[in-house]
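What the coordinates show
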Amino acid sequence: MKNINLDITKAACFLQDGAVKAYEPKVKEALLALENGTCPGNDFLGWLHLPSSITPEFLDELQACAQVLRENCEVVVVAGIGGSYLGARAVIEALGNSFAWLVQDKNNPTILFAGNNIGEDYLAELTAYLADKKFGVINISKSGTTTETALSFRLLKKQCEAQRGKDEAKKVIVAITDAKKGAARTCADKEGYTSFIIPDNVGGRFSVLTPVGLLPIACAGFDIKQLVAGAQEMEKACGKDVPFEENIAAQYAAVRNGLYNEGGKKIEIMVNYQPKLHFMSEWWKQLYGESEGKDKKGIFPASCDFTTDLHSMGQWIQDGERTIFETVISVEEPNQKLLFPEDEENLDGLNFLAGKRVDEVNKMAELGTRLAHVDGGVPNIRISMPKLNEYYIGQLIYFFEIGCGISGNILGVNPFNQPGVEAYKKNMFALLDKPGYEADSKAIKERLASEA
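Residues numbered from 1 in each chain as written. Predicted model: local features only at pLDDT ≥ 70, side-chain atom pairs only at ≥ 80, totals over all residues. Heavy atoms only, no water.

Of the regular secondary structure elements, the protein holds 18 helices and 10 strands. In terms of C-alpha radius of gyration, the protein reaches 23 Å, essentially the compact-globule figure of 22 Å for 452 residues. Taking the principal axes of its C-alpha atoms as reference, the protein extends roughly 60 × 60 × 55 Å. Taken across its 452 residues, the protein has 50% of its residues classed as buried. Contacts in the protein between residues at least 24 apart in sequence constitute 78% of all its contacts with a sequence separation of at least 6. Carbon and sulfur atoms form 53% of the exposed surface of the protein, whose accessible area is close to 21,200 Å². (Helix = DSSP H or I, 4+ residues; strand = E, 2+ residues; numbered from the N terminus. Rg over C-alpha atoms; globule rule 2.2 N^0.38 Å. Buried < 20%, exposed > 50% of the residue type's maximum accessible area, 1.4 Å probe, protein only. Contact = heavy atoms within 4.5 Å. Areas by Shrake-Rupley, 256 points an atom, 1.4 Å probe, with all protein chains shown as cover.)

Looking at the secondary structure, you find Gln395 in helix α16 (residues 390-411). Residue Gln395 is classed as buried on the basis of its relative accessible area, which comes to 0%. With residues near it in sequence (within four places) discarded, Gln395 still touches Lys2, Asn3, Ile4, Gly230, Ala231, Glu233 and Met234.

Another point: the pattern of salt bridges. If you walk through the whole model with that rule in mind, you get 28 salt bridges. Here Glu191 ties to Lys190 by a salt bridge, and the two come within 3.7 Å at their closest N and O atoms. Taking relative accessible area as the criterion, Lys190 reaches 68% and is therefore assigned exposed. Residue Glu282 is joined to Lys285 by a salt bridge in which the shortest nitrogen-to-oxygen separation is 3.0 Å. (Salt bridge = Lys/Arg side-chain N within 4 Å of Asp/Glu carboxyl O.)

Taken together, Phe99, Trp101, Leu102 and Val103 make up a surface patch of nonpolar side chains, about 490 Å² in accessible area. For Trp101, the position within the fold is in the loop between α5 (86-95) and β3 (110-114). A relative accessible area of 62% places Trp101 in the exposed class. (Patch = residues over 30% accessible without salt bridge, like charges linked within 9 Å, V, L, I, M, F, W, Y side chains within 5 Å.)

The next subject is helix α4 (residues 56-72). Given a rise of 1.5 Å per residue, 17 residues ought to cover 24 Å, and the 24 Å separating the end C-alpha atoms of α4 matches this to within 8%. What α4 keeps buried is the set Leu59, Leu62, Cys65, Ala66 and Leu69. What you see down the axis of α4 is that its buried residues fit within an arc of 125°, all on one side. Facing away from the buried surface of α4 by more than 90 degrees, the exposed residues are Glu57 and Glu71. (Expected span 1.5 Å × (residues − 1). Arc of directions from axis to C-beta.)

Here we come to the packing of aromatic side chains. Evaluation of the coordinates by the stated rule reveals 15 aromatic pairs. On the basis of an interplanar angle of 35° and a centroid distance of 5.6 Å, the ring pair of Trp284 and Tyr288 is categorised as tilted. Here Trp284 pairs with Tyr288, and both are found in helix α13 (residues 278-292), just four residues apart, close to one helical turn. On the accessibility criterion, Tyr288 (0% relative accessible area) is buried. (Phe/Tyr/Trp six-rings, centres within 6.5 Å; stacked < 30°, edge-to-face > 60°.)

Look at the link from Phe306 to Thr307: it is a cis peptide, with omega at 10°. Note on placement: Thr307 falls in the loop between β8 (300-305) and α14 (314-319). Of note, the phi angle at Asp295 is positive, near 55°, even though the residue is not glycine. Mapping Asp295 onto the fold places it in the loop between α13 and β8. Judged by relative accessible area, Asp295 falls into the exposed class, the value being 55%.

For the rest of this paragraph, the subject is the packing of α5 against α16. Remark: α5 packs on α16, axes separated minimally by 11 Å, with the N-to-C direction vectors making an angle of 145°. Where α5 crosses over α16, the handedness of that crossing is right-handed. Together, Val91, Ala94 and Leu95 of α5 and Glu390, Ile393 and Ile397 of α16 make up the contact between the two elements. Classifying every residue of the contact of α5 with α16 by side-chain character gives five nonpolar, no polar and one charged. (Axes fitted to C-alpha atoms, helices over the stretch in contact; angles between N-to-C directions. Left-handed = near helix turned anticlockwise from the far one by under 90°. Nonpolar A, V, L, I, M, F, W, Y, C, P; charged D, E, K, R; others polar.)

What follows deals with the sheet that holds strand β10 (residues 380-387). The strand order across the open sheet built from five strands is β1-β10-β9-β7-β8, with neighbouring strands paired in mixed fashion. Here the strands that pair on one side only, and so sit at the sheet edges, are β1 (5-7) and β8. When strand polarity is set aside, the average angle formed by the axes of neighbouring strands in this sheet is 20°. Alignment of strand β7 (residues 267-272) against strand β9 (residues 324-333), held across six bridges, turns out to be parallel. For Asn272, the partnering residue across the bridge sits in β9 and is Ile329. (Pairing = 2+ DSSP bridges.)

Taking 1.5 Å of rise per residue, 13 residues should cover 18 Å, and helix α2 (residues 24-36) covers 18 Å from first to last C-alpha, within 8% of that figure. Phi for Gly37, located one or two positions after α2, is positive at around 70°.

Here it is, written out as structure tokens:
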């Protein structure tokens, strides 16, 4: 079986000769620090050898739970935010039917997501949709008190119990949470929910290969054994003993740090030419943004869906400030085949495409855009996937995770904490008069009054 492939030639050419190779000692040092647990945040390295530690028996246990939900639910709602939902959604949307919400699938429940916002309209419309549905809930929260997720879960729990009865509801509500502590663990134990553990040493954005991601993906009907097998293969391909010239994660970390430090590139745009990969870019943005954006450092992660966004962002990318580079994910072979038809009148002038696969047109758009952007001063990194399936998505997930760990260590930050996300929560709780935040509440309200 082939692996995903990395081409950095159209990015390295924007740096001095040997600049990428010069990062080899730093990459090696970063990999050893990860392997030996000597890097900042070393208590959150459980993801590093997670793929190879997953047993067939554990996957069978997850699939058995997923089967119960599949047999008893028309809809499964995944309640989680950030890393507690983005990875699962990325995989499900990449592998699923683009029109899943319109297609009657007798074998698989519809997977919906909640707990990732505080939109009253969103939640009201969701609960209205579920009013005549047999639904279940996967509640993903280590603490059980994250505002967005806890708010949504309380609504969903009450509705599920009202519609199905408490005994039936507890069969279709699953908790993925801490092993021993927190509100979600207390609730799961009290109510008798099936539960799975979020490992203490795996942070949310690295958790897609734990039950956090694997259970929802299995509920959607996809092969989690193949997903894990792909990640296991990439774990071997990106290990500390793999030569720099063969280690694609090491090369990715090196070239993006070279572009940032020596090339003055401050923004990385993740680009895909396959609409199904939109949420893979969203997952990648959290992974890299939350891992590297600290200590006034870090490449800003952005994303575009091409060719769609070429008609909105293409001008800026081609001719705007030269502080960007692109990382393009390219899928070599689509899962479907569709030929472009001939038309006798040819009013649109497209008969020159007659008989060609639609993907051939897409590939030429990709190549033409890449040439134009490189000519316009935008370095391009290209990641090619043989197909869009579980195995190669598993490879892609681990590739980005290990690349992130290496890159963050080269940058000189702790890639595994997120101190900056606590500031807004403190202000929000104070403004809502949450118990324990009285002093903050008074200070903030006085400040707002003075600024009014």
